[in-house]
Every structure is written in C-alpha cells, then in structure tokens.
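Spelled out from the first residue to the last, the chains are:
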Amino acid sequence: MVNPVKQCNTLGNTKTREKYFWTLAEFNSFIEKVDKKDPFYILFNVLFWTGMRRGELLALRPMDFDFLQKQVIIRRNLIFVKNKPQMNSPKTKTSRRTISVPQFLVDMVQTYIMKEKIRDDQLLFCCMPYHITKKIKDYSKKAGAPSEYTISVIHTLHC
C-alpha cells in the first residue's frame, strides 16, 4: 500500500534563504553614517541591541520600557494591511518576552522620549516598515556594510 501523504507536495517555501547577521564592527560602521539627530538613529540602535522584529519595534510605546530594570517588554506587533496599521499580538507565544537592554540604550530612548514629548501610550516610531528597509539599504551602501538581507542583518545580538 502507498502512503498518499508521500505523494503530496510540501507546504510553504522549500528554499530557505541563508541569514546573514552583522558583526559589531559592521553595525558600528553603519551607525556612524546615521545622523544622531535622526529618529532612525535610535530606531536602528533599538533593533540592533534588542534583536526584535520590525513589527515589534513599530508597536513600541514608552510604557513598554522598564527603565529602572533596563528592560523592554514585547507585548504587541504592528502590521500594515493595505497600508493601514493594525495592532496584533506578537507572532508566536515565545515572541511575548522581556529583553534586557544596555544602560546606554536606556539613556538614548529616555532622552528621545523626553525630547520628542512622546506620551506613555504613543508609539515611539511612526513610519512604514518599508521606510526602515530603505534606510537600512541607503546607510549600508554609505558605510560599505552588507545589506543583501536588510532586516536580518540588524537582528544580530539577540538571535
């Protein structure tokens, strides 16, 4: 008797793309090209030092940070459907997590929140996901840093 399951095609993508992650030196050469006054400077640092996903980053609010404990809590994921933002739960059960952050990042985020007068319930970063990808490509080119996998390169420290 033949197993009918063996005759079926697999679901999803059978080709997995190799992931490339930046070294600290590559990130440093990248971030040197970003103007420190640009909100993307903070955004890129949060992405790199936490390893969170783009949607998790875009869902961040000041209330998600515990500055005394030096932690950020991932509670939500922001997705865009037909260019309209929708707040969702994180991708998987394990995506709900608490991430430790270095003191300099705590200081950077606190300063940004105060300077921009962001309320506790407001989003930290207001941009579309493709803006992040485009900025990573642009600054990577300026820095001579790899950009072939744009988003995966920046998920370096916590992956």
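Structure: see above.
Within each chain, residue numbers correspond to sequence positions counted from 1 in written order. Selection of residues for local features in this predicted model requires a pLDDT of at least 70, selection of side-chain atom pairs for listing and counting requires 80 or more, and totals for whole chains, interfaces and linings are taken over all residues. Just so you know, side-chain values use all the structure's heavy atoms and leave hydrogens and water out.

Right, let's talk about the pattern of salt bridges for a bit. Salt bridge criterion: a side-chain nitrogen from Lys or Arg within 4 Å of a carboxyl oxygen from Asp or Glu. In the structure shown here, the tally under the stated rule is eight salt bridges. Here Glu56 ties to Arg97 by a salt bridge, and the two come within 2.8 Å at their closest N and O atoms. Highlighted residues: Glu56 in helix H3 (residues 54-58) and Arg97 in strand E5 (residues 97-100), separated in sequence by 41 residues. Exposure classes here rest on a 1.4 Å probe applied to the protein chains alone. A residue is buried below 20% of its type maximum, exposed above 50%, and partly exposed in between. Its relative accessible area of 1% is what places Glu56 among the buried residues. Here the salt bridges do not stand alone but share partners, grouping Arg53, Glu56 and Arg97 into one network. Helix numbering and strand numbering both begin at the N terminus, where a helix is a DSSP run of H or I of at least 4 residues and a strand a DSSP run of E of at least 2.

Between the first and last C-alpha of helix H4 (residues 103-116) there are 20 Å, a value that for 14 residues agrees with the 20 Å anticipated at 1.5 Å per step. The contact criterion used is simple: two residues touch if any of their non-hydrogen atoms lie within 4.5 Å. In this structure, the buried side of H4 is in contact with helix H2 (39-50) and strand E1 (65-66). Positive phi shows up at Lys117, right after H4, with a value of about 55 degrees. Helix span, as expected, comes to 1.5 Å for every residue beyond the first.

Covered by surrounding structure in strand E2 (residues 71-74) are Val72 and Ile74 only, the residues Gln71 and Ile73 on the alternate face being uncovered. Strands are labelled as partners when DSSP assigns at least two bridges between them. For E1 and E2, the ladder comprises two bridges, and the chain directions are antiparallel. When the sheet's bridge partners are listed, Phe65 is paired in E2 with Val72. With antiparallel pairing between neighbouring strands as the criterion, E1 and E2 make up a hairpin whose turn holds four residues, including Lys70 at a positive phi of roughly 55 degrees. Two strands pair when backbone bridges link them, and E2 and E5 are joined in this way by four bridges, in the antiparallel orientation. Residue pairing for E5: Gln71 is matched across the bridge by Ser100.

All right, on to the nonpolar core then. The term nonpolar core refers to a set of buried residues drawn from Ala, Val, Leu, Ile, Met, Phe, Trp, Tyr and Cys, joined through side-chain atoms within 4.5 Å. Counting 40 residues, the largest nonpolar core has Phe30, Phe44, Leu57 and Ile132 as its most contacted members. Mapped by element, the contributors of at least two residues to this core are helix H1 (24-31), H2, H3, E2, H4 and helix H5 (129-143).

Before going further, it helps to examine the packing of aromatic side chains. Geometry of aromatic contacts follows a simple scheme: Phe, Tyr and Trp rings, the Trp one being its six-membered ring, pair when their centres are within 6.5 Å, and the pair is stacked under 30 degrees between planes, edge-to-face over 60, tilted otherwise. Enumeration over the complete set of coordinates arrives at 11 aromatic pairs. Both rings, one in Tyr112 and one in Phe125, keep their centres 5.6 Å apart while their planes meet at 20 degrees; by these two values the pair is stacked. Within this pair, whereas Tyr112 is found in helix H4, its partner Phe125 is found in the loop between H4 and H5, the two being separated by 13 residues in sequence. Taken as a pair, Tyr112 and Phe125 share a single burial class, namely buried. Members of the aromatic cluster, each reached through a chain of ring pairs, are Phe27, Phe30, Phe40, Phe44, Phe48, Trp49, Phe104 and Tyr139.

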